[in-house]
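Residues per chain are reported as follows:
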Amino acid sequence: MSMNNDIKEVLVTKDEIKEICKKLGKQITEDYKDKKLLLVGVLRGSVVFIADLMKEIDLFLEVDFLAISTYHGTKSTGELKWRKHLDTEVKDFDVLLVEDIVDSGFSLSQLTKVLVDRGAKSVKTCTLLDKPYGRTVDFKADYVGKTVPDAFVVGYGLDYNEKYRNLPYVGILDPKVYS
């Protein structure tokens, strides 16, 4: 049985993702050329995206990861649970939080506050996908790859119960899988 059989529709192809990474990488290179950049990947979903994105940033930079959880299945819990803190001291860095998708906006808005409180020079956010229909807080990412409809998406790092992350594209998961 193939994971592809569970995908109702492909939303973002491999080629589109490659172009998104190039475009964002070029803009980030320009915006951070005179800054001390720390890319912070939000695990686990951002791992594939940050790996491709950082290859398109033509600057010296550092990378670290943090892990939080705000979802159970397909629903946001509205609660930030820390699973892994940063190893890097953010003081004196311009931090760019890298996320796979912004849905409610809760996670990145909370993480931004935490990193500012810890002394980051600046904190901005970059997301592969933006799903503004799910917002529960007033939040807008600084760098957005693509806006997607209000559907449950998987692939390219995004999961449903830890499955589908390794799909090379982003697709809408067939509701029969999770209903």
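This text follows the structure it describes.
From a predicted model like this one, the values you see are computed outputs, not experimental measurements.

Engineer: Looking at this structure, I do not really get a positive patch on the surface. What am I missing?
Structural biologist: On the surface, Lys-35, Lys-36, Lys-121 and Lys-124 cluster together to form a positively charged patch. Inspection of the secondary structure puts Lys-35 in the loop between helix 1 (14–31) and strand 2 (37–43).

Engineer: How should I be thinking about the sheet that holds strand 8 (residues 153–154) in this particular structure?
Structural biologist: Consider a sheet: its strands pair through backbone hydrogen bonds, and that pairing is either parallel or antiparallel. Read across the sheet, three strands follow the order 1-9-8 without closing on themselves; strand pairing throughout is antiparallel. Only two strands of the sheet have a single partner each, and these edge strands are strand 1 (7–12) and strand 8. Two elements, strand 8 and strand 9 (residues 170–173), share two bridges in a ladder whose sense is antiparallel. Bridging across to strand 9, Val-153 finds its partner in Ile-172. Packing against the sheet, helix 1 makes contact with strand 1 and strand 9, and its axis sits at approximately 30 degrees to strand 1.

Engineer: Looking at this model, I keep getting lost on the packing of aromatic side chains. Mind explaining?
Structural biologist: The geometry of two aromatic rings is summed up by the distance between their centres and the angle between their planes. For the coordinates displayed, the defined rule picks out three aromatic pairs. An angle of 55 degrees between the planes, with centres 5.4 Å apart, marks the rings of Phe-152 and Tyr-178 as tilted. Placement of Phe-152 in the loop between strand 7 (143–147) and strand 8 and of Tyr-178 in the segment after strand 9 is noted, with a sequence separation of 26 residues between them. Of the residues examined, Tyr-178 reaches a relative accessible area of 28% and is grouped as partly exposed. Ring geometry for Tyr-160 and Tyr-178: centres 5.9 Å apart, planes at 55 degrees, overall tilted.

Engineer: Even after reading the chapter, I still don't get the packing of helix 1 against helix 2 (residues 47–54), so can you show me in this structure?
Structural biologist: One way to put it is that helix 1 packs onto helix 2 with a least axis distance of 9 Å and a crossing angle of 60 degrees. Put simply, helix 1 runs oblique to helix 2. Of the two possible hands of crossing, helix 1 and helix 2 adopt the one that is right-handed. Seen from helix 1, the contacting residues are Cys-21, Leu-24, Gly-25 and Ile-28; seen from helix 2, they are Phe-49, Asp-52 and Leu-53. Grouping the constituent residues of the contact of helix 1 with helix 2 by class yields five nonpolar, one polar and one charged.

Engineer: Could you clarify how one ought to interpret the pairing of strand 9 in this entry?
Structural biologist: The side chains of a regular strand alternate between both faces of the sheet. When strand 1 meets strand 9, the two strands line up antiparallel, connected through four bridges. Bridge pairing links Val-10 to Gly-171 in strand 9.

Engineer: Teacher, can you tell me more about the nonpolar core here?
Structural biologist: Generally speaking, a soluble globular protein has its nonpolar side chains buried in company with each other. Counting 28 residues, the largest nonpolar core has Ile-28, Phe-49, Leu-96, Leu-129 and Val-170 as the members making the most contacts within it. Among the elements of the structure, strand 1, helix 1, strand 2, helix 2, strand 5 (94–102), strand 6 (122–130) and strand 9 are those that each provide at least two residues to this core. Among residues more than four places away in sequence, those in contact with Leu-129 are Val-12, Asp-100, Ile-101, Val-102, Lys-146, Val-148, Val-153, Leu-158 and Val-170. Counting 18 residues, the second largest nonpolar core, distinct from the first, contains Val-90, Phe-93, Leu-108 and Ala-141.

Definitions and limits used
- Residues numbered from 1 in each chain as written.
- Predicted model: local features only at pLDDT ≥ 70, side-chain atom pairs only at ≥ 80, totals over all residues.
- Heavy atoms only, no water.
- Patch = residues over 30% accessible without salt bridge, like charges linked within 9 Å, V, L, I, M, F, W, Y side chains within 5 Å.
- Areas by Shrake-Rupley, 256 points an atom, 1.4 Å probe, with all protein chains shown as cover.
- Salt bridge = Lys/Arg side-chain N within 4 Å of Asp/Glu carboxyl O.
- Lys, Arg positive; Asp, Glu negative; His and termini not counted.
- Charge placed at Lys NZ, Arg CZ, Asp CG, Glu CD.
- Helix = DSSP H or I, 4+ residues; strand = E, 2+ residues; numbered from the N terminus.
- Pairing = 2+ DSSP bridges.
- Contact = heavy atoms within 4.5 Å.
- Axes fitted to C-alpha atoms, helices over the stretch in contact; angles between N-to-C directions.
- Phe/Tyr/Trp six-rings, centres within 6.5 Å; stacked < 30°, edge-to-face > 60°.
- Buried < 20%, exposed > 50% of the residue type's maximum accessible area, 1.4 Å probe, protein only.
- Parallel < 35°, antiparallel > 145°, perpendicular 65-115°, else oblique.
- Left-handed = near helix turned anticlockwise from the far one by under 90°.
- Nonpolar A, V, L, I, M, F, W, Y, C, P; charged D, E, K, R; others polar.
- Core = buried A, V, L, I, M, F, W, Y, C linked by side-chain atoms within 4.5 Å.

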